[in-house]
Amino acid sequence: MSSRAIVVDRPGEHRLVTGDTPQPGPGEVLVRVAAAGICMSDREVYDGHRDAAYVRYPVTPGHEWSGTVAAVGAGVDPALVGRGTVAEGFRACGVCERCRCGETSLCTGGYAETGFTEPGAFADHLTVPARLLHPLRDGADLRAAALLEPSAVIAAAVRAGRPGPGERVAVVGAGTLGLLAVQLLAASSPAELAVVDPRAARGEQARDFGATAALSPDEARSAHGRFDLVVETAGAPTTAASSCLLARRGGRVVLTGMFTPGAVGIDPVHLSLSQLEVRSVFGASSSAWSDAVRAFGLGLLDPAPLITHEFPLERFGEAVALVGGGDPGVGKVLLIP
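So, a few notes on the structure that sits alongside this text. (Residues numbered from 1 in each chain as written. Predicted model: local features only at pLDDT ≥ 70, side-chain atom pairs only at ≥ 80, totals over all residues. Heavy atoms only, no water.)

### Focus on the side chain of Arg50
Selection criterion: A run of H or I in DSSP counts as a helix once it spans at least four residues, and a run of E counts as a strand once it spans at least two, with each numbered from the N terminus. Buried residues are those whose accessible area, probed at 1.4 Å on protein chains only, stays under 20% of the maximum for their type, while exposed residues exceed 50% and partly exposed ones sit between those limits. Counting rule applied: Lys, Arg positive; Asp, Glu negative; His and chain ends not counted. By convention in these notes, a salt bridge is any Lys or Arg side-chain nitrogen within 4 Å of a carboxyl oxygen on Asp or Glu. The definition of a polar contact used here is a pair of N or O atoms within 3.5 Å, where within protein one atom must be able to donate a hydrogen and the other to accept one, and adjacent residues in sequence count solely through side-chain atom pairs. Residues are treated as being in contact if the distance between any of their heavy atoms lies within 4.5 Å.
Checked against the element boundaries, Arg50 lands in the loop between helix 1 (40–47) and strand 4 (64–72). No salt bridge is formed by the buried Arg50; the nearest opposite charge belongs to Glu113, separated by 4.1 Å. A distance of 2.7 Å separates the side chain of Arg50 from the backbone oxygen of Tyr54, its partner in a polar contact. Leaving out residues up to four positions away in the same chain, Arg50 has contacts with Ser41, Glu44, Val45, Val55, Tyr111, Glu113 and Phe116.

Shown next as structure tokens:
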């Protein structure tokens, strides 16, 4: 049986290849991909803007995905065949100090990640270690489940932020991460849940997901010092600093955006005098993945409304061009093999 895959040979150059279906080795599973999301990290891989330490060309991208287990390798429970599933992207070693402490996204065994250094899901099939699987409930919406990878990142941010009932919470940015954050944070019963984004339409969508207010960046200046918890998701040059200004004295700030060199720094005087607790999130630990999958299964998290475009593998070039292009009508873009 043949299988297709997108291969990015070098920045700006891709091809659709057809070959034999990969076979799962010991401890691995073969997954038939149902849907795969394209995010800015994939656009960076395609454009050549990702740090060279975090990509290996040629590569089949695709780290946000869902699928069905089609076959298992030696030592893997055959009952997994036919199960809908997602899987962690980081290939954590499982034995280093950080992994043993449960911080698998901080593995010191060397960086390896599906879709960046290992073949990803912009393909009909992929193989992954069975230990990284998070099987889904029967009948789960696999199209929506493709967004469980960014959902796991937000689950990690929520874990770090420790929201409590009755708190005032702000989310900076109403892209995919921000809107997923609104859904998960709404489940903690905040007294206020404000979203800060310059795009009015995204603010209205955030209200549909449980936000109590949608503020432009200018309007947010009047709310400086108001919030117990601020979750930053935009990764814009100024949003780390502006998020800290939104937090009350003694408040908590969690940074999830991927900042580029030259971003505005956090004022150390404000940081120390306000006694802020600032955390950052890169990827998601196994426990955060479990949180996201559980919330999805319970209906607390519904990523489906974020999907605006779907393309077959043959139209990958068209699909990746939409991501990060600035069109306000573009939300999550999926490839459907």
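### A short note on the nonpolar core
As a reminder of what qualifies: Nonpolar cores are built from buried Ala, Val, Leu, Ile, Met, Phe, Trp, Tyr and Cys residues. Side-chain atoms within 4.5 Å join them into one set.
Ranked by size, the top nonpolar core spans 46 residues in total, and within it Leu148, Val182 and Leu185 carry the most contacts. Elements that contribute at least two residues to this core include exactly helix 3 (142–145), helix 4 (148–161), strand 8 (168–172), helix 5 (176–186), strand 9 (192–196), strand 11 (227–232) and helix 10 (286–298). Ranked by residue count, the leading element in this core is helix 4, at nine residues. Beyond its immediate chain neighbours, meaning those up to four positions away, Leu148 contacts Val86, Leu136, Trp289, Ala292, Val293, Phe296 and Leu301. By size, the runner-up hydrophobic cluster in this structure holds 33 residues, among which are Val8, Val59, Phe116 and Phe122.

### Description of the side chain of Arg4
Here Arg4 lies in strand 1 (residues 2–10). Excluding residues that lie within four positions of it along the chain, Arg4 makes contacts with Leu16, Val17, Thr18, Ala123, Asp124, Leu313, Glu314 and Pro337.

### Regarding the pattern of salt bridges
Two side chains carrying opposite charge are able to pair once their charged atoms lie near each other. Tallying each qualifying case throughout the model produces 20 salt bridges. Of the charged contacts, one joins Glu64 and Lys332 as a salt bridge, the two residues approaching to 2.9 Å between their closest N and O atoms. Taken together, the residues Glu64 in strand 4 and Lys332 in strand 15 (residues 332–335) connect sequence positions 268 residues apart. No difference in accessibility class separates Glu64 from Lys332, as the two residues are buried. Residue Glu192 is joined to Arg226 by a salt bridge in which the shortest nitrogen-to-oxygen separation is 2.2 Å. Of this pair, Glu192 sits in strand 9 while Arg226 sits in the loop between helix 7 (217–220) and strand 11, placing them 34 residues apart in sequence. Judged by its relative accessible area of 22%, Glu192 falls in the partly exposed class. When salt bridges with common partners are traced through the structure, they connect Arg4, Arg32, Asp124 and Glu314 into a single cluster.

### A few points about unusual backbone geometry
Note the cis peptide between Tyr57 and Pro58, where omega equals -10°. Considering the arrangement of structural elements, one finds Pro58 in the loop between helix 1 and strand 4. If you check the backbone angles, Arg162 has positive phi at about 50° while not being a glycine. Here Arg162 is to be found in the loop between helix 4 and strand 8. Overall, the relative accessible area of 47% leaves Arg162 in the partly exposed class. Non-glycine residue Ser189 carries a positive phi angle of around 60°.

### Thoughts on the packing of aromatic side chains
Heads up, the condition is: Note on ring pairs: Phe, Tyr and Trp rings are taken, using the six-membered ring of Trp, and paired if centres are within 6.5 Å. Classes follow the plane angle, with under 30 degrees stacked, over 60 edge-to-face and the rest tilted. In our convention, an over-ring charge means Lys NZ or Arg CZ found within 6 Å of a ring centre and within 35 degrees of that ring's normal.
Tallied over the entire structure, the rule returns six aromatic pairs. Consider the rings of Phe122 and Phe316, whose centres lie 5.7 Å apart with planes at 50°: the pair is tilted. Within this pair, whereas Phe122 is found in the loop between helix 2 (97–100) and strand 6 (125–129), its partner Phe316 is found in helix 11 (residues 316–322), the two being separated by 194 residues in sequence. Of the two residues, Phe122 and Phe316, both sit in the buried class. Clustering of aromatic rings is evident, with ring pairs tying together Tyr54, Phe90, Tyr111 and Phe282. Here the basic side chain of Arg50 rests over the ring of Phe116, its NZ or CZ set 3.9 Å away from the ring centre.

### Here's the deal with the sheet that holds strand 11
Here is the rule we go by: A pair of strands is labelled paired if DSSP reports no fewer than 2 bridges between them. Structural elements are reduced to axes, namely lines fitted to C-alpha atoms, with helices fitted over the stretch in contact, and the angle between N-to-C directions of any two is expressed from 0 to 180 degrees.
Spatially, the six strands line up as an open sheet ordered 10-9-8-11-12-13, and their pairing is parallel. A single partner strand is all that each edge strand has here, and the edge strands are strand 10 (213–215) and strand 13 (277–280). The mean inter-strand angle of the sheet, taken between neighbouring strand axes irrespective of direction, is 20°. Summarising the sheet, strand 12 (residues 247–255) and strand 13 pair through four bridges and their orientation is parallel. Across the sheet, Leu255 pairs through a bridge with Ser280, a residue of strand 13.

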